[in-house]
Amino acid sequence: MNLNSSLNFTVAERFLHYVTIDTQSDPNSPSIPSTEKQKDLGRVLVSELHAIGIPDAHLDQYGYVYATIPENTGKDNVPVICFCSHMDTSPDCSGKGVKPVVHKNYPGADIILHDDPSQIIKLNEHPDLKNQIGNDIITANGTTLLGADNKAGVAEIMDACFQLVNHPEIKHGRIRILFTPDEEIGRGVDKVDIGKLGAFAGYTMDGESAGNMENETFSADGAKLIINGVSSHPGFAKGKMESAIKIAAQIIAALPHELSPEGTDGMNGFVHPVAVEGHVETASINFIIRDFDDDKLTAHAHTIRAIATGVLKKFPGSSFDLQVQPQYRNMKKMLDQHPQIVEYGMEAIKRAGLNAKLCSIRGGTDGSRLSFMGLPCPNIFAGEHAFHSKQEWVSVQDMQKAVETILHLCMIWEEKS
């Protein structure tokens, strides 16, 4: 079935609206969601879903949007599948007052963002731009991030809902829709009601290059190193003071480059200090620990402990405590138990006219945790690039291909049941 010729895409218009709504999450907030403004987008999505013709769409108290597209097939054995994207944007870069710019018919040159000409999306630094010549590229104006991570995915799912309702010739089983808050701060599925979703499989739309599908993520731990130093009046500190701040600095300086984000790639994990706080008497370092191999997470934590032990030998009056908390695990372990979930995803990408590529992601998605909560959930491309930065971009044509991929997936599950 040639979908492209029969679809009146709405994905670009939806995306251009969604990115103007500030949904930045806050890692320092204890509330759920971490920021109430995330619900602003949630309410817009619910209203649009109602207008599409999906009456059960609703926003719950935690900021999650749930919706259902009923099956339109005569088969009674089609598994329920779910499509998921997150509504929040990263705290790493401002998401307030986003002004999207559409660069039509991209000629294959550097893109200068006009409100801050120092922000240049360079062709030699963004290799996927070579595949975008003639396409329409959307960026921010240079003063904020764009929010393609993950409002591209949100817009793609919303357009797919529109197409499914308006094209009953696309046969499918029951489809569940889930939009989540707080993914960027690692709390995206804390309050998801898996029983309420009632789905056999899920797909997050939160990947990068068109054609890519990710069935493997990092496993992740968080670690907090608390240092207890010795305080003394600085005028009389000789031989007495053991500054927790300086101890922390020595520990950070001793971390090996080959175990850092800037020193690793591919399937290699890392230990990364992300926040330091302290005074002379006490200091703390927050780390994220990442690897594709769960056993190596333990080894990386031992590396932090060994470095701290070595540094503290020079400070006999001081001590430390390392606290490690699991965050998420590599979803491949769960996806391998249901190989058809990934196989159907790859087939859908091919049916959309793309070269399907199975990848590992040096990060995590909501699907990482959902897979261990009973919803096996690989990650499909949304077309987003240079996430968490002012140089973030996405192409309209890649988003349209993502919409087609979602529709083909719905059909494939129905066909093969």
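Parameters at a glance
Residues numbered from 1 in each chain as written. Predicted model: local features only at pLDDT ≥ 70, side-chain atom pairs only at ≥ 80, totals over all residues. Heavy atoms only, no water. Helix = DSSP H or I, 4+ residues; strand = E, 2+ residues; numbered from the N terminus. Polar contact = N/O pair within 3.5 Å; in protein donor to acceptor, adjacent residues only side chain to side chain. Contact = heavy atoms within 4.5 Å. Pairing = 2+ DSSP bridges. Axes fitted to C-alpha atoms, helices over the stretch in contact; angles between N-to-C directions. Buried < 20%, exposed > 50% of the residue type's maximum accessible area, 1.4 Å probe, protein only. Core = buried A, V, L, I, M, F, W, Y, C linked by side-chain atoms within 4.5 Å. Phe/Tyr/Trp six-rings, centres within 6.5 Å; stacked < 30°, edge-to-face > 60°. Lys NZ or Arg CZ within 6 Å of the ring centre and 35° of its normal.

1. Brief notes about the side chain of threonine 139
Part 1 of the reasoning: With respect to the helices, strands and loops of the structure, threonine 139 is situated in strand S7 (residues 137-139).
Part 2 of the reasoning: Engagement of the side chain of threonine 139 in a polar contact is seen with the side chain of histidine 103, the distance being 2.8 Å.
Part 3 of the reasoning: Beyond its immediate chain neighbours, meaning those up to four positions away, threonine 139 contacts Lys99, Pro100, Val101, His103, Ile111, Leu113, Ile121, Leu146, Glu392 and Trp393.

2. Structural notes on the sheet that holds strand S12 (residues 270-278)
Whenever strands of a sheet pair, they do so through backbone hydrogen bonds, lying parallel or antiparallel.
Part 1 of the reasoning: Judged by pairing direction, the sheet is antiparallel, and its four strands sit side by side in the order S12-S13-S11-S14 without closing on themselves. Whereas interior strands pair on both sides, the edge strands pair on one side only; in this sheet they are S12 and strand S14 (319-328). Between one strand axis and the next, the sheet turns by 20 degrees as a mean value, whatever way the strands run.
Part 2 of the reasoning: Helix-sheet contacts for helix H6 (residues 294-312) involve strand S11 (219-228), S12, strand S13 (282-291) and S14, and the interaxial angle to S13 is about 150 degrees.

3. Quick look at the pairing of strand S2 (residues 65-69)
Part 1 of the reasoning: Counting buried positions along S2 gives five out of five residues, so the element sits mostly inside the fold.
Part 2 of the reasoning: Burial along S2 is two-sided: Val65, Ala67 and Ile69 and Tyr66 and Thr68, pointing in opposite directions, are all buried.
Part 3 of the reasoning: Strand direction decides the pairing type here: strand S1 (residues 58-59) and S2, joined by two bridges, are antiparallel. Each residue of the ladder has a partner; that of histidine 58, found in S2, is tyrosine 66.
Part 4 of the reasoning: When S2 meets strand S8 (residues 175-180), the two strands line up antiparallel, connected through five bridges. When the bridges of S8 are listed, alanine 67 appears paired with isoleucine 177.

4. Considerations on the nonpolar core
Part 1 of the reasoning: Ranked by internal contacts, the top residues of the largest apolar core, which has 67 residues, are Phe15, Leu49, Phe83, Phe179 and Tyr203.
Part 2 of the reasoning: Looking at this core, the element that brings in the most residues is helix H10 (residues 396-415), giving eleven residues.

5. Some words on the packing of aromatic side chains
Part 1 of the reasoning: Scanning the model with the defined rule gives six aromatic pairs in all.
Part 2 of the reasoning: With centroids separated by 6.5 Å and ring planes inclined at 35 degrees, the aromatic side chains of tyrosine 64 and tyrosine 66 adopt a geometry described as tilted. The burial state of tyrosine 64 is the same as that of tyrosine 66; both residues are buried.
Part 3 of the reasoning: An aromatic cluster of at least three residues, connected via ring pairs, comprises Phe200, Tyr344 and Trp413.
Part 4 of the reasoning: Cation over ring: lysine 196 sits above tyrosine 66, and NZ or CZ is 4.0 Å from the ring centre.

6. Some thoughts on the side chain of threonine 180
Part 1 of the reasoning: Within the secondary structure, threonine 180 is located in strand S8.
Part 2 of the reasoning: Looking at threonine 180, the relative accessible area reads 0%, which means it is buried.
Part 3 of the reasoning: Filtering out sequence-adjacent residues up to four positions away, threonine 180 remains in contact with Tyr64, Cys84, Ser85, His86, Met87, Asp88, Gly188, Val192 and Asp366.

7. Quick word on the sheet that holds strand S4 (residues 101-103)
Part 1 of the reasoning: Strand order in this open sheet of three strands is S4-S7-S17, and the pairing throughout is antiparallel. For this open sheet the edge positions go to S4 and strand S17 (393-395), each flanked by a neighbour on one side alone. Shown here is a sheet whose adjacent strand axes are inclined to one another by a mean of 25 degrees, direction ignored.
Part 2 of the reasoning: Summarising the sheet, S7 and S17 pair through three bridges and their orientation is antiparallel. Following the sheet pairing, isoleucine 138 is matched in S17 by valine 394.
Part 3 of the reasoning: H10 contacts S7 and S17 of the sheet and is inclined by roughly 65 degrees relative to S17.

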